[in-house]
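Chain by chain, the residues:
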Amino acid sequence: MASLKISVGDTIPKGTFGHVPFTEELADHSACGIPTTLSTDSWKGKKVVLFSVPGAFTPTCHINHLPPYLAKYDEFKAKGVDVIAVIAANDPFVMSGWGRVEGLTDKIITLSDPNATWSDSLGLSVDLSGRGFGIRTARYAMIIDDLVIKYVEVEPGLGVTVSGADAVLAKL
């Protein structure tokens, strides 16, 4: 992983991500949706929890990282969080499909950071080429309030600790 290029108190650099907004026609999995883009500019004036996984449908991400965020959705909302988003290097269709399988509906936004380009610019990418996965987003979490970083932590090893739902809730 590259060294972290952002810190608490910094304004989040602008990013644009692929995203398939959830609609009811996607609920039965017979449609794929149409990717749009979502910019960090849309987070102006909002409190955002952004967490990153190396890959949709991968064991730790699918079983241990994402589900607690959904289970604690009401707790995040009670602490004033406007947006919860998960980001990975997967394409927008994979991220949308993963979100539908997990039952996210419109509660957690799934964002695509192809080739981990935006994450890499922040020092938040990891090279998993040795496993055949290429460059991916590292496992991290941020709290962003009106585009200012209030919390950013990167997992120091395998597993989910500082980027998990409980750790982030404790910092809100």
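Check the entry above for the structure.
In what follows, the accompanying structure is described. (Residues numbered from 1 in each chain as written. Predicted model: local features only at pLDDT ≥ 70, side-chain atom pairs only at ≥ 80, totals over all residues. Heavy atoms only, no water.)

### Some thoughts on the layout of surface pockets
Heads up, the rule is: As defined here, a cavity is a set of points on a 1 Å grid over the protein atoms alone where a 1.4 Å probe fits but cannot get out. A pocket is an open set with protein on both sides within 12 Å along at least five of seven lines, and residues line them when an atom is within 4 Å of a point. Grid points are joined across faces, edges and corners, and a volume is the space filled by probe spheres set on the points. Only DSSP runs of H or I covering at least 4 residues are called helices, and only runs of E covering at least 2 are called strands; the numbering of each starts at the N terminus. Residue polarity is assigned by list, with Asp, Glu, Lys and Arg as charged and Ala, Val, Leu, Ile, Met, Phe, Trp, Tyr, Cys and Pro as nonpolar; anything else, Gly included, falls into the polar class.
One number sums up the size of the second largest pocket: a volume of about 220 Å³. If you go around the second largest pocket, you meet 20 residues; those closest to its centre are Thr105, Asp106, Lys107, Ile108 and Ile109. Counting only elements with at least two residues in the lining of the second largest pocket, the list comes to helix H2 (73-78), strand S4 (83-88), helix H3 (92-102) and strand S5 (109-112). Among the elements that take part in the lining of the second largest pocket, H3 stands out by supplying three residues, more than any other. In the lining of the second largest pocket, the residues fall into ten nonpolar, five polar and five charged.

### A short note on the pairing of S5
Let me state the cut-off plainly: A pair of strands is labelled paired if DSSP reports no fewer than 2 bridges between them. Handedness rule for crossovers: strands pointing away from the viewer, path from the first strand over the helix to the second running clockwise, crossover right-handed.
Strand direction decides the pairing type here: S4 and S5, joined by four bridges, are parallel. Bridged to Ala88 within S5 is Ser112. Regarding topology, H3 serves as the crossover connection from S4 to the parallel S5, and that connection is right-handed.

### Brief notes about the environment of Phe93
Selection criterion: When a residue's accessible area, from a 1.4 Å probe over protein chains only, is under 20% of the maximum for its type it is buried; when over 50% it is exposed; and in between it is partly exposed.
Looking at the element boundaries, Phe93 is found in helix H3. Since its relative accessible area comes to 42%, Phe93 is described here as partly exposed.

### Considerations on the side chain of Ser39
The line we're drawing: Contacts described as polar in this section are N or O atom pairs within 3.5 Å, which, within protein, must combine one atom able to donate a hydrogen with one able to accept it, while residues neighboring in sequence count only if both atoms come from side chains. For this analysis, residues touch if any pair of their heavy atoms sits within 4.5 Å.
Inspection of the secondary structure assignment puts Ser39 in strand S2 (residues 36-39). Within the local environment of Ser39, its side chain forms a polar contact with the backbone nitrogen of Asp41, the two atoms lying 3.0 Å apart. In this view, Ser39 contacts Lys14, Gly15 and Thr16; residues no more than four positions away in its chain are not counted.

### So, the packing of aromatic side chains
Short version of the rule: Paired rings are identified among Phe, Tyr and Trp, the last through its six-membered ring, by centres lying within 6.5 Å, and are further divided according to the angle between planes into stacked (under 30 degrees), edge-to-face (over 60) and tilted (the rest).
By the definition in use, this model includes four aromatic pairs. Between Phe17 and Trp43 the ring centres are 6.4 Å apart and the planes differ by 25°, which places this aromatic pair in the stacked class. With a gap of 26 residues between them, Phe17 in strand S1 (residues 16-19) and Trp43 in the loop between S2 and strand S3 (47-52) connect regions that are remote in the sequence. Since its relative accessible area comes to 1%, Phe17 is described here as buried. Residue classification places Trp43 among the buried residues on the basis of a relative accessible area of 2%. Look at Phe17 and Trp118: their rings are 5.1 Å apart centre to centre, the planes differ by 90°, and that puts the pair in the edge-to-face class. With Phe17 in strand S1 and Trp118 in helix H4 (residues 117-121), this residue pair connects regions lying 101 residues apart in the sequence.

### Side note on unusual backbone geometry
One non-glycine residue, Thr105, adopts positive backbone phi at about 45°. Looking at where Thr105 falls in the secondary structure, it is placed in the loop between H3 and S5. Taking the relative accessible area as the measure of exposure, Thr105 reaches 37% and is therefore partly exposed.

### Quick notes on H3
Burial runs high along H3: eight of the eleven residues are buried. Its side-chain oxygen 2.8 Å from the backbone nitrogen of Phe93, Asp91 forms the N-cap of H3.

### A closer look at the side chain of Ser96
Locating Ser96 in the fold gives a position in helix H3. Apart from residues lying up to four places away in sequence, Ser96 is in contact with Val20, Leu26, Cys32 and Thr110.

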